[in-house]
Number of protein chains: 2
Amino acid sequence: MPARQPSKPRARRQTSEARPYHHGDLRRVLIDAALQLAAEGAEVSVREAARRAAVSPGAPFRHFPNRDALMAAVAGEAQRRFRAEIEVALNQAPAADPLARFRAFGLAYLRWAMRNPAHFEIISTGRYFAHGSSAELTRDNAELIALTERMLADAAEQGLLRSADLKRIQIAGRALVYGFARMNLDGHFPRWGVEEGETERMAEGVIDLFIAGIAKPTRGA
Amino acid sequence: MPARQPSKPRARRQTSEARPYHHGDLRRVLIDAALQLAAEGAEVSVREAARRAAVSPGAPFRHFPNRDALMAAVAGEAQRRFRAEIEVALNQAPAADPLARFRAFGLAYLRWAMRNPAHFEIISTGRYFAHGSSAELTRDNAELIALTERMLADAAEQGLLRSADLKRIQIAGRALVYGFARMNLDGHFPRWGVEEGETERMAEGVIDLFIAGIAKPTRGA
DNA sequence: TCCCTTATGTAATCATCGATTACATTTCAG
DNA sequence: CTGAAATGTAATCGATGATTACATAAGGGA
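Residues numbered from 1 in each chain as written. Chains lettered and ligands numbered in written order. Predicted model: local features only at pLDDT ≥ 70, side-chain atom pairs only at ≥ 80, totals over all residues. Heavy atoms only, no water.

Asks: Describe the relation of the copies chain A and chain B, with residues and values.
Replies: When chain A is brought onto chain B, the operation consists of a screw motion whose angular component is 180° and whose axial shift is 0.0 Å, with 0.1 Å RMSD remaining. Such a turn and shift between the copies fits a two-fold axis. Among all residues of chain A, the minimum C-alpha distance to the rotation axis is found for Gly-179 of chain A, at 1.6 Å. Both copies contact each other with a shared surface, as 100% of the interface residues of chain A are interface residues in chain B too. (Least-squares fit on C-alpha atoms with pLDDT ≥ 70 in both. Contact = heavy atoms within 4.5 Å.)

See below:
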């Protein structure tokens, strides 16, 4: 089955069409296939990804030393998308109001997590590839955390917080948001009505509750 | 179970010693082996459980129709232990102070989750066996949730809460505690010092922060 | 242009796993 | 005592991750 030959410099059809012996960008295609696999709820197997790329079961191992490495690459791609969406949200948030930014961050985080549950799972669990397979992912995540720390520090500086224990607030905030995302992921929201938006609205409410809890009460309220 | 009585009430040697053809209580032994497997961080396979029970690879399927059923049984056992510990804690908490009970609940929850991470994972993720394999687990969990709802309702009745949106508070509380447990599970607490108790102390702080956030501020504070 | 090195894909194979089937042994009720 | 039911074994299947030997393509000197 060696391939059919010249004529196409890069077969653009991935759907079982004339593909040259060399694939073009198999690595990329494998990652995409794995992402799609995950999104479909199927478990990601190297062989299935290879199948979808119309390639032999051994081929992926030319691009990834093992399954973990593939999963780490998949996680990297998912994390990139996740982070991009968060940064968009932050750019649209008011620059001067730390708590509003905190809120926007949490909302963007949860929206993405709820709309891409399988990808969020891969990113966040660290159970899909050997711990430390992706230093990039770890660093990336640390930067997001640093972002929230800065927002809280700004809020404290402006006298917006009731407590001075920023570390505690930060961990509680992370736990709240992460917990909400994972509850959604792990099936702890039992068909909350058929309506989809309901979970997102509840996410918003929960974030607001948290912020109200840590914010210094103003005279007016 | 009836077990065998003559000579040995229960063959205590699991290590490849004279074992009668019929095992005694293979079902139980398999569940225990699987629990131990999980606790060791290994992934639970039917074959390995069978191996530890010194039994053929097919034997477990006489007691469980498939792997999912074994995992569901394992989850059931873990859940029983989890719940028992929570109930002990609640029995020691002051009966009249709903928020104190809420706090005790959260603390017991987190302590167990942090000391039995693998078992907590199996209980809470619903990723280890087909959704609905264990109605018992679902019901059990619903009862725990109902417990927290009652505590919050009591607190509201005594005028202890700032907000009347109990559902929101309850979900936020669950998300907070669940999120903290999962952060610990998923490696989001990067070696917080070598000290073990630190995470538990932080758990306490986070719970207190949450309660302070939802509690109606008293004049004195 | 030719050739050779390297990158990339294939084919064949292995061990492990969940699962099923046919068969053996034990247990227990009648 | 006996035969049916329960329980364990052995053999086997298909899928998976992984490795190895080999085939093919691509690209850079000479």
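Asks: I'd like a description of the pattern of salt bridges, backed by residues and values.
Replies: In total, this model carries 44 salt bridges over all chains according to the counting rule given. Between Arg-83 of chain B and Glu-87 of chain B there is a salt bridge, with its nearest N and O atoms 2.9 Å apart. With Arg-83 of chain B and Glu-87 of chain B both in helix α3 (residues 67-92) and 4 residues apart, this pair spans about one turn of that helix. Its relative accessible area of 33% is what places Glu-87 of chain B among the partly exposed residues. Several salt bridges converge on common partners, so that one network encompasses Glu-121, Arg-127, Arg-182 and Asp-186 of chain A together with Glu-121, Arg-127, Arg-182 and Asp-186 of chain B. (Salt bridge = Lys/Arg side-chain N within 4 Å of Asp/Glu carboxyl O. Helix = DSSP H or I, 4+ residues; strand = E, 2+ residues; numbered from the N terminus. Buried < 20%, exposed > 50% of the residue type's maximum accessible area, 1.4 Å probe, protein only.)

Asks: Requested: an account of the nonpolar core, with residues and values cited.
Replies: One broad trend across soluble globular proteins is that nonpolar side chains are buried collectively. Within the largest apolar cluster, 140 residues are counted, with the highest numbers of intra-cluster contacts made by Tyr-109, Leu-110 and Phe-180 of chain A together with Tyr-109, Leu-110 and Phe-180 of chain B. Apart from residues no more than four positions distant in its own chain, Tyr-109 of chain A is found in contact with Phe-82, Ile-86, Phe-120, Val-177, Tyr-178 and Ala-181 of chain A. (Core = buried A, V, L, I, M, F, W, Y, C linked by side-chain atoms within 4.5 Å.)

Asks: Break down the packing of helix α3 (residues 67-92) of chain A against helix α6 (residues 135-157) of chain A for me, citing the residues and quoting the values.
Replies: Residues and elements named next belong to chain A. Remark: α3 packs on α6, axes separated minimally by 10 Å, with the N-to-C direction vectors making an angle of 20°. In this view, α3 runs roughly parallel relative to α6, as classed from their interaxial angle. Classified by chirality, the crossing of α6 by α3 is left-handed. Two secondary-structure elements touch here, α3 through Ala-75, Gly-76, Gln-79, Arg-80, Phe-82, Arg-83 and Leu-90 and α6 through Glu-136, Leu-137, Asp-140, Asn-141, Glu-143, Leu-144 and Leu-147. Of the residues in the contact of α3 with α6, the class split is 6 nonpolar, 3 polar and 5 charged. (Axes fitted to C-alpha atoms, helices over the stretch in contact; angles between N-to-C directions. Parallel < 35°, antiparallel > 145°, perpendicular 65-115°, else oblique. Left-handed = near helix turned anticlockwise from the far one by under 90°. Nonpolar A, V, L, I, M, F, W, Y, C, P; charged D, E, K, R; others polar.)

Asks: Could you give me a rundown of the packing of aromatic side chains, with the residues and numbers involved?
Replies: The relation between two aromatic rings is expressed through the spacing of the ring centres and the mutual angle of the planes. Considering all chains together, one arrives at 16 aromatic pairs over all chains under this definition. With a centroid separation of 5.0 Å and 55° between ring planes, the pair formed by Phe-82 of chain B and Trp-112 of chain B is classed as tilted. Here the residue Phe-82 of chain B occupies a position in helix α3, and Trp-112 of chain B occupies one in helix α4 (residues 98-115), the gap between them amounting to 30 residues. Using a relative accessible area of 3% as the deciding quantity, one classes Trp-112 of chain B as buried. Their ring planes at 35° and their centres at 6.4 Å tell us that Phe-105 of chain B and Tyr-109 of chain B sit as a pair that is tilted. Taken together, the positions of Phe-105 of chain B and Tyr-109 of chain B, both in helix α4 and 4 residues apart, correspond to about one turn of that helix. Connected via pairs of aromatic rings, a cluster forms that spans Phe-82, Phe-105, Tyr-109, Trp-112, Phe-120 and Tyr-178 of chain A. (Phe/Tyr/Trp six-rings, centres within 6.5 Å; stacked < 30°, edge-to-face > 60°.)

Asks: So, the interface of chain A and chain B: which residues are in play, and what are the values?
Replies: Residue-level contacts link 30 residues of chain A with 30 residues of chain B. Note on chain A versus chain B: buried area summed over both sides is about 3,000 Å², and carbon and sulfur give 64% of it. Counting the contacts that link chain A with chain B gives 8 residue pairs in polar contact (both at pLDDT 80 or more). Looking at the side of chain A that touches chain B, the elements that each hand over two or more residues are α5 (117-125), α7 (166-185) and α8 (197-214) of chain A. When residues of the side of chain A that touches chain B are assigned to their parent elements, the largest contribution, 14 residues, is made by α7 of chain A. Partitioning the side of chain A that touches chain B into residue classes produces 16 nonpolar, 6 polar and 8 charged. (Buried area = accessible area lost by both parts, 1.4 Å probe. Polar contact = N/O pair within 3.5 Å; in protein donor to acceptor, adjacent residues only side chain to side chain.)

Asks: How would you summarise unusual backbone geometry if you had to cite specific residues and measurements?
Replies: What is expected of a backbone is that most residues other than glycine have negative phi and most peptide bonds are trans. The backbone of Ala-54 of chain A shows a phi angle near 55°, a positive value even though the residue is not glycine. Examined against the element boundaries, Ala-54 of chain A turns out to sit in the loop between α2 (46-52) and α3.

Asks: Outline the environment of Phe-82 of chain A, listing residues and values.
Replies: Residue and element names in this part refer to chain A. Using a relative accessible area of 3% as the deciding quantity, one classes Phe-82 as buried. Phe-82 sits 29 residues away from Arg-111 along the chain, and the two C-alpha atoms are 10.0 Å apart. The residues contacting Phe-82, other than those within four sequence positions of it, are Tyr-109, Trp-112, Ile-123 and Leu-144.

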